[in-house]
Amino acid sequence: MWFVLRFAIVIVLSAIFLPSQAMTEKLGQVELTDVLIKPWFELREPQEGEFQVGESSVQFTWFLESHFQSKIRIGPKTLLNPMARFNIRPTTDIGLVEAFGQYSSLYGQVRAGMIPLNYGAEGSLTEAELYFPRHNLFEQRVIPLRDVGFEYSVQHNGYYSDLKVHNGEGESNPDGRMWVSGNWGWKDRSKFQVGLAGLTGTTKPVSTNTSGDTLANVDEAQEAHWRMGTFFIRWFPGQWKTLLEVTMGEVEQGPDDKVMGRFKGGHFDLIFEKPLWAVMARWQYFEPSSESKNDLQRETSVGVIFKNFSQTSRLKIIGTKIMEDGNKVANDELRLVWQLTPLVTEY
Ligand SMILES: [Ca+2]
Ligand SMILES: [Ca+2]
């Protein structure tokens with residue numbers, strides 16, 4: 001429970017030292033710009049239960065001159081979601097999960113530091129905006145959430161694009177190799193969005209040799225060259241919200257760059273939302289390796305959300321049926337999520 005205690009201390013200290021009126025001095029202004037408390041309780045077959053700190057975090061923004069900002073987010077390190085390609089094991093220890101400087105101009109926006117990677121449609125949603133727990137490719141740590149690197153992004157008439165160069169491993173970079181990821185798409189205000197995302201990079205054994213990774217039949221003890229791509233389409237007319245997102249990827253290894261295997265995954269979400277409640281369903285699949293038989297996993301989730309009048313409290317109940325291709329395992333789950341956010345959420 002130590003992380004819960006530390007997390008509480010951070011929140012209490014920030015409430016004392018950074019009250020609603022921000023500190024204005026030579027340093028600029030520091031404001032508490034986001035608070036999300038989102039613990040959950042999970043029941044899983046056979047008869048297992050667990051409480052988790054979940055996706056809780058707080059964000060501070062340091063406003064310098066009009067074009068410069070710097071942001072930090074404090075939360076459990078699981079919010080980094082480093083790729084399972086690496087030796088790193090994410091923990092629920094509380095720490096910095098975002099810490100970057102940002103410069104915005106007419107010609108685009110630049111970020112450097114520990115940045116959110118915003119890969120694809122669901123990867124671009126903040127933890128407060130999610131309806132379901134993040135999909136399988138995040139849960140299996142195929143797609144990372146945050147990393148140390150540099151980003152350049154532009155938006156014009158609904159078109160948007162961004163390009164990031166990052167370490168892969170996170171705070172350190174033992175293999176000296178970099179990853180590149182990006183998003184390209186078009187958005188019609190809040191009705192329609194279509195986009196592509198891509199992620200590629202290479203690894204050396206020094207960063208992967210104890211990972212136990214088997215995605216796409218990879219040999220963790222050899223250098224590897226990864227690439228993956230994602231296509232998505234979102235349509236949200238009125239009270240309905242839909243999202244279809246599909247991803248494919250592969251790994252090459254050896255002196256002749258042989259494709260060792262491929263992986264694929266996807267999800268379709270359907271949500272009907274009213275001011276005080278919502279009902280939702282998700283279908284998703286994940287195949288870790290084209291080289292193994294019977295490893296396709298399909299999941300169906302249904303859920304309901306109850307909200308208070310001011311939308312500051314949301315209680316979610318989500319049931320998930322997991323179907324394996326090969327041997328059947330009893331692993332269906334029921335998740336209870338409680339999400340608390342402050343009244344003002346836009347800055
Ligand atoms: Ca690296
Ligand atoms: Ca397979």
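Since we're looking at a predicted model, the values are computed, not measured. Residue numbers restart at each chain and count upward from 1, following the sequence in its written direction. To read the labels, note that chains go from A and ligands from 1, taken in the order they are written. Local features are withheld for residues below a pLDDT of 70 in this predicted model, meaning they are given only at 70 or higher, and side-chain atom pairs are given and counted only at 80 or more; totals for whole chains, interfaces and linings count all residues.

Observations concerning the overall build of the protein
From N to C terminus, the protein includes four helices and 19 strands. Computed over the C-alpha atoms, the radius of gyration of the protein is 21 Å, within 12% of the 20 Å expected from 2.2 N^0.38 for a compact globule of 347 residues. Structurally, the protein occupies a C-alpha span of about 60 × 45 × 45 Å along its principal axes. Residues are scored as being in contact if the C-beta atoms we place from backbone atoms lie within 7 Å. Taking the intrachain contacts of the protein between residues at least 6 apart in sequence as the baseline, contacts between residues at least 24 apart amount to 52%. Runs of H or I in DSSP of at least four residues are treated as helices and runs of E of at least two as strands, each being numbered from the N terminus. Between the two quantities, the radius of gyration covers C-alpha atoms and the globule rule is 2.2 Å times the number of residues to the power 0.38.

Topic: the nonpolar core
In terms of nonpolar packing, the biggest core is built from 31 residues, with Tyr119, Val142, Leu215, Ala216, Val218 and Val251 touching the most fellow members. The set of elements that each furnish at least two residues to this core consists of strand 7 (94-105), strand 8 (108-116), strand 12 (192-203), strand 13 (224-235) and strand 15 (258-273). Setting aside anything within four residues of it in sequence, one finds Tyr119 in contact with Ile143, Ser181, Ala197 and Leu199. As used throughout, a nonpolar core is a set of buried Ala, Val, Leu, Ile, Met, Phe, Trp, Tyr and Cys residues joined through C-beta atoms within 7 Å of each other. Buried means a residue has 20 or more other C-beta atoms within 10 Å of its own C-beta, exposed means 12 or fewer, and partly exposed covers the counts in between; C-beta atoms are placed from the backbone.

Examining unusual backbone geometry
The phi torsion of most residues other than glycine is negative, and most of the peptide bonds are trans. Here Glu45 and Pro46 are connected by a cis peptide whose omega angle stands at -10°. With respect to the helices and strands, Pro46 occurs in the loop between strand 3 (40-44) and strand 4 (48-52). Although it is not a glycine, Arg141 sits at a positive phi angle of roughly 55°. One can find Arg141 in the loop between helix 3 (136-139) and strand 9 (146-156). Backbone geometry at Asp257 places phi at a positive 50°, although glycine is not the residue there.

Here's the deal with the pairing of strand 17 (residues 297-307)
Bridge count between strand 16 (residues 277-287) and strand 17: ten bridges; the pairing is antiparallel. By the bridge assignment, Trp283 is partnered in strand 17 with Thr300. Here the rule is simple: two strands pair whenever DSSP picks up at least two bridges between them. Bridge count for strand 17 against strand 18 (residues 313-324) is eleven bridges, and the pairing is antiparallel. Across the sheet, residue Gln297 finds its bridge partner in strand 18, namely Glu324. Counted along the chain from strand 17 to the antiparallel partner strand 18, the turn is five residues long, and its residue Gln311 has a positive phi close to 65°.

Focus on the environment of Asp219
Structurally, Asp219 is set in the loop between helix 4 (205-208) and strand 13. With 15 C-beta atoms counted inside 10 Å, the residue Asp219 sits in the partly exposed group. The sequence separation of Asp219 and Pro205 amounts to 14 residues, and the corresponding C-alpha distance is 9.4 Å. Other than its neighbours up to four places away in sequence, Asp219 contacts Gln253 and Met260.

Structural notes on the environment of Lys38
Examined against the element boundaries, Lys38 turns out to sit in the loop between strand 2 (28-36) and strand 3. On the basis of neighbour count, Lys38 is assigned to the buried category, with 21 C-beta atoms found within 10 Å. Here the alpha-carbon distance between Lys38 and Glu127, two residues 89 residues apart in the chain, equals 8.6 Å. Setting aside residues no more than four positions away along its own chain, Lys38 makes contact with Gly54, Glu55, Ser56, Glu127, Val337 and Gln339.

What about the pairing of strand 9?
As paired strands, strand 8 and strand 9 are joined by eight bridges and run antiparallel to one another. In the sheet register, Gln109 faces strand 9, and the bridge partner there is Ser153. Relative to strand 10 (residues 159-166), strand 9 is paired through eight bridges, and the arrangement is antiparallel. By the bridge assignment, Tyr152 is partnered in strand 10 with Leu163. Where strand 9 folds back on strand 10, the antiparallel hairpin that results is connected by two residues, among which Asn157 adopts a positive phi of roughly 50°.

Remarks on the environment of Ala278
On the secondary structure map, Ala278 appears in strand 16. Counting along the chain gives 190 residues from Ala278 to Ile88, while the straight-line C-alpha distance between them is 37 Å. Non-local contacts of Ala278, meaning those with residues more than four positions away in its chain, are made with Ile271, Phe272, Glu273 and Ile305.

With respect to the confidence of the model for the protein
Values of pLDDT, the confidence the predictor places in each residue, fall between 0 and 100. Counting all residues, the mean pLDDT for the protein is 91, and 91% of those residues have values of 70 or more. With pLDDT under 50 throughout, residues 19-23 is counted as low confidence; its partners more than four residues away or in other chains account for five contacts.

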